[in-house]
Amino acid sequence: MTNTIASDANDEVVSISHVTPKPGQKDRFVEIQTQFQTSVAPEIDGLIGGRLFAAEDGQSFVIMSRFQSRADLEAWTGSQRFADHMARVRPLIEAAAPGRFSTLYQSGTV
């Protein structure tokens, strides 16, 4: 069996970021992300959905956003609205490791 990673701009893509807020900023970070999810996310073209996960260590989070296509993700990350959101959260973040991923297989409804 051969698995290939799709690179077509029309292929679904998932953005995953591991984020560690600065000391004392976890609650504010969650507040901003939650507010964003309820007010802005429904208006993003091509966004299938997103999730915010809290690590069991109590220190970090994972943000997962699923887009219908790479073009949709590129349009979002190149938008002024994204830049504005990042300007709000960046001062709260100690470290962030973003990545983009393509589906090799799927099981269930994650």
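Before any of the text, the structure's been laid out above.
Residues numbered from 1 in each chain as written. Predicted model: local features only at pLDDT ≥ 70, side-chain atom pairs only at ≥ 80, totals over all residues. Heavy atoms only, no water.

1. Examining the pairing of strand E2 (residues 47–54)
Test applied: Two strands make a pair as long as DSSP finds a minimum of two bridges between them. Secondary structure elements are taken from DSSP: a helix is a run of H or I of four residues or more, a strand is a run of E of two residues or more, and numbering for both begins at the N terminus.
Inspection of the sheet shows E2 paired to strand E3 (residues 61–67) by 7 bridges, in the antiparallel sense. Its bridge partner lying in E3, Ala-54 is registered against Phe-61. Connecting E2 to the antiparallel partner E3 that follows it, the hairpin turn spans 6 residues, and Gly-58 within it adopts a positive phi of roughly 75°.

2. Structural notes on the packing of helix H1 (residues 26–39) against helix H3 (residues 80–89)
Here is the rule: What counts as an axis is a line fitted to C-alpha atoms, over the stretch in contact for a helix, and the angles between N-to-C directions run from 0 to 180 degrees. Throughout, the term roughly parallel applies to angles under 35 degrees, roughly antiparallel to angles over 145, roughly perpendicular to angles from 65 to 115, and oblique to all others. For any pair of crossing helices, the crossing counts as left-handed if the nearer helix is rotated counterclockwise from the farther one by less than a right angle, and right-handed if it is rotated clockwise. Residue contacts are counted whenever heavy atoms from the two residues lie within 4.5 Å of one another.
Orientation of H1 relative to H3, taken along the N-to-C sense of each, is 160°, at an axis distance of 10 Å. What the angle tells us is that H1 and H3 run roughly antiparallel. Between H1 and H3 lies a crossing of right-handed hand. On H3, the residues touching Arg-28, Phe-29, Ile-32, Gln-33, Gln-35 and Phe-36 of H1 are His-85, Arg-88 and Val-89.

3. Section: the side chain of Ser-17
The residue Ser-17 is located in strand E1 (residues 13–21) in this model. Among residues more than four places away in sequence, those in contact with Ser-17 are Phe-61, Val-62, Ile-63, Ala-97 and Pro-98.

4. Quick word on the packing of aromatic side chains
For the record, the criterion: Pairing of aromatic rings covers Phe, Tyr and Trp, the last through its six-membered ring, and needs centres within 6.5 Å; plane angles under 30 degrees mean stacked, over 60 mean edge-to-face, and all others mean tilted. Exposed residues in this analysis have more than 50% of their type's maximum accessible area, buried residues have under 20%, and partly exposed residues fall in between, with area computed by a 1.4 Å probe over protein chains only.
Applying the stated criterion across every chain yields a total of 3 aromatic pairs. Considering the side-chain rings of Phe-29 and Phe-61, the 5.5 Å spacing of their centres and the 40° angle between planes classify their relative orientation as tilted. With Phe-29 in helix H1 and Phe-61 in strand E3, the pair connects residues that are 32 residues apart, well separated along the chain. By relative accessible area, Phe-29 is classed as buried at 1%. Centroid distance Phe-36 to Trp-76: 5.9 Å. Interplanar angle 35°. Geometry classified as tilted.

5. Remarks on H1
Put simply, the test is: Here the expected span of a helix is defined as 1.5 Å times the quantity of residues minus one. Comment: arc refers to directions from the helix axis out to C-beta atoms.
With 14 residues, H1 ought to run about 20 Å at 1.5 Å a step, and its terminal C-alpha atoms sit 20 Å apart, in line with that. Every buried residue of H1 is listed here: Phe-29, Ile-32, Gln-33 and Phe-36. Projected onto a plane normal to the axis of H1, the buried residues spread over an arc of 95° and lie on a single side. Residues of H1 that are exposed and point more than 90 degrees away from the buried face comprise Asp-27 and Thr-38. In this fold, the buried residues of H1 make contact with E1, E2, E3, helix H2 (70–77), H3 and strand E4 (93–101).

6. Quick word on the environment of Asp-57
Stated formally: Under the rule applied, a polar contact is a pair of N or O atoms within 3.5 Å (in protein, one hydrogen donor and one hydrogen acceptor; residues adjacent in sequence only if both atoms are side-chain atoms).
Note on placement: Asp-57 falls in the loop between E2 and E3. Polar contacts involving the side chain of Asp-57 include one to the main-chain amide nitrogen of Ser-60, which spans 3.3 Å.

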